[in-house]
Amino acid sequence: MKYALLIPLLATLFVANSYAQERIYRCGNEYTNTVPNAQTRGCKLVAGGNVTVVQGTRPAASAPARAAATSTAAPSGGQRVDAGEQKSRDSDARRILESELKKAEARQAELLNEYNNGEPEKIGGEARNYQKYLDRVAELKASLARNESDIAGIRRELGRVPPAAAAK
């Protein structure tokens, strides 16, 4: 009777040990379970849990196709642009930045006029709902600050672009 319970218990222990994972060693980004190889390379034993390593796939070599597509659109980093073309690009950039600056300054003037030194006129239901009015005032103040920073950024960019060549 004693042996009838003991035999299944021992069988269960042997089966459980056979499914247990061996010791795993980590060598940098590589894992191994061969003890002599791990000891010679100075690997560390990984403790606490099983380790599963899945080999990744290599990305397809699409660099030549991408290079061919970009070479027609614009010169690559290794090629130089002639001085005339660079001057025209710089003048275009300056012209665009100046127009953006004029738009931003016009918008700033509109916002300042509407803000009216922190006391804009009440619109619609704001006479009855003071919180609506306060929300609009705060929104106007934030818009003014944002527009000021936009203007400062455009002026910085204009400082980086070389001045336009004199008209001939």
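Heads up: the structure comes first, above all this text.
Residues numbered from 1 in each chain as written. Predicted model: local features only at pLDDT ≥ 70, side-chain atom pairs only at ≥ 80, totals over all residues. Heavy atoms only, no water.

Asker: Any chance you could explain the packing of aromatic side chains here in plain terms?
Answerer: Both the distance between ring centres and the angle between the ring planes are used here to describe each pair of aromatic rings. Under the counting rule described, the total for this entry stands at 1 aromatic pair. The residue whose ring lies beneath Lys122 is Tyr133, and the NZ or CZ to ring-centre distance is 5.3 Å. (Phe/Tyr/Trp six-rings, centres within 6.5 Å; stacked < 30°, edge-to-face > 60°. Lys NZ or Arg CZ within 6 Å of the ring centre and 35° of its normal.)

Asker: Looking at this structure, I do not really get the state of the cysteines. What am I missing?
Answerer: Among covalent bonds in proteins, the disulfide is the one between the sulfur atoms of two cysteines. Throughout the structure, instances matching the rule amount to 1 disulfide. One disulfide bridge connects Cys27 with Cys43, the sulfur atoms lying 1.6 Å from each other. Disulfide Cys27-Cys43: the torsion about the S-S bond is 105°, which places it as right-handed. Taken together, the positions of Cys27 in strand 1 (residues 24–27) and Cys43 in the loop between helix 2 (35–41) and strand 3 (44–46) put the pair 16 residues apart, joining distant regions of the chain. Looking at Cys43, the relative accessible area reads 15%, which means it is buried. (Disulfide = S-S within 2.5 Å. Helix = DSSP H or I, 4+ residues; strand = E, 2+ residues; numbered from the N terminus. Buried < 20%, exposed > 50% of the residue type's maximum accessible area, 1.4 Å probe, protein only.)

Asker: Would you mind going over the side chain of Glu126 with me for this structure?
Answerer: For Glu126, the position within the fold is in the loop between helix 4 (83–115) and helix 5 (130–160). A relative accessible area of 7% places Glu126 in the buried class. Residues within four places of Glu126 in sequence aside, it is in contact with Glu121, Lys132, Tyr133 and Arg136. (Contact = heavy atoms within 4.5 Å.)

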